Amino acid sequence: AQKVTQAQTEISVVEKEDVTLDCVYETRDTTYYLFWYKQPPSGELVFLIRRNSFDEQNEISGRYSWNFQKSTSSFNFTITASQVVDSAVYFCARHSGNTPLVFGKGTRLSVIA
Amino acid sequence: GAVVSQHPSWVICKSGTSVKIECRSLDFQATTMFWYRQFPKQSLMLMATSNEGSKATYEQGVEKDKFLINHASLTLSTLTVTSAHPEDSSFYICSARVGTIPYEQYFGPGTRLTVT
């Protein structure tokens, strides 16, 4: 299986710090799609972003930004000026073609006031 | 946006009984639905893929006779945990896929199953 690796199991930061969540993926496909989801304590997954393999432009959405680098098979996620409400588990995921989403193991982010 | 609902949101059952979890796409038709299981502090693990009107495709290690999946319509899939045991206690999440490649995949809010 083509894995998604999130090496950071847990991260703890103080409010207003910037934090980067790492994601490295394996792929044998030319076309694939990468995702980030947030899972707050309620358990419901919240979609954050989808990136196509042929679009390496970085993206910024408010305090969130994503850095996609095909050369290193990485799709990292940065939260700027973190807030307590950002505390959650964040999952990186991928799929290609007809395959279902495959998730990384997740990174638990704790933002301390 | 597209909404996927699950019912019940949580359920407690006794060991040996069966429990059914429903997954509905509320405002769209989903030809493919997925069932994931998530143990505490772990990732989502795909259990099975179901296409409307067809038998579900189970991932390796998932007992198809224990986790019965029925996808009878384009808006409803059900997961029945048969003869539940405490080790089946988990968070079950369904997901519905729509469109063509690249697909949109929407997730339900999850069902927390506790088997006593």
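Residues numbered from 1 in each chain as written. Chains lettered and ligands numbered in written order. Predicted model: local features only at pLDDT ≥ 70, side-chain atom pairs only at ≥ 80, totals over all residues. Heavy atoms only, no water.

Participant: Would you mind going over the state of the cysteines in detail, with residue names and values included?
Facilitator: Residue and element names in this part refer to chain A. If you walk through the whole model with that rule in mind, you get two disulfides over all chains. Here Cys23 is linked by a disulfide to Cys92, with a sulfur-sulfur distance of 2.0 Å. On the S-S bond that ties Cys23 to Cys92, the torsion sits near -65°, and the link is left-handed. One end of the pair, Cys23, is in the loop between β3 (19–21) and β4 (24–25); the other, Cys92, is in strand β10 (residues 88–95), and 69 residues separate them in sequence. Comparing Cys23 with Cys92, the two get one shared label, buried. (Disulfide = S-S within 2.5 Å. Helix = DSSP H or I, 4+ residues; strand = E, 2+ residues; numbered from the N terminus. Buried < 20%, exposed > 50% of the residue type's maximum accessible area, 1.4 Å probe, protein only.)

Participant: Would you mind going over unusual backbone geometry in detail, with residue names and values included?
Facilitator: Across the junction of B:His7 and B:Pro8, the peptide omega takes the value 0°, indicating a cis bond. When you line up the elements, B:Pro8 lands in the loop between β1 (4–7) and β2 (10–13). The phi angle at A:Ser73 is positive, at roughly 50°, despite the residue not being glycine. Topologically, A:Ser73 is positioned in the loop between β8 (64–69) and β9 (74–79). For A:Ser73, a relative accessible area of 22% puts it in the partly exposed group. Unusually for a residue other than glycine, A:Ala81 sits at a positive phi of about 50°.

Participant: Summarise the packing of aromatic side chains; cite the residues concerned and give the values.
Facilitator: Taken as a whole and assessed by the stated rule, the structure comprises 19 aromatic pairs over all chains. With 6.1 Å between their ring centres and 20° between their planes, A:Phe35 and A:Tyr37 make a pair best called stacked. What makes A:Phe35 buried here is its relative accessible area of 5%. In this structure A:Tyr37 comes out as buried when scored by relative accessible area, which is 2%. Here B:Phe67 and B:Tyr92 contribute two aromatic rings whose centre-to-centre distance is 6.4 Å and whose plane-to-plane angle is 40°, an arrangement assigned as tilted. Here B:Phe67, found in strand β7 (residues 67–73), pairs with B:Tyr92, found in strand β9 (residues 90–98); they are 25 residues apart in sequence, far enough to count as distant. (Phe/Tyr/Trp six-rings, centres within 6.5 Å; stacked < 30°, edge-to-face > 60°.)

Such coordinate-based values are descriptive only and should not be taken to indicate function.
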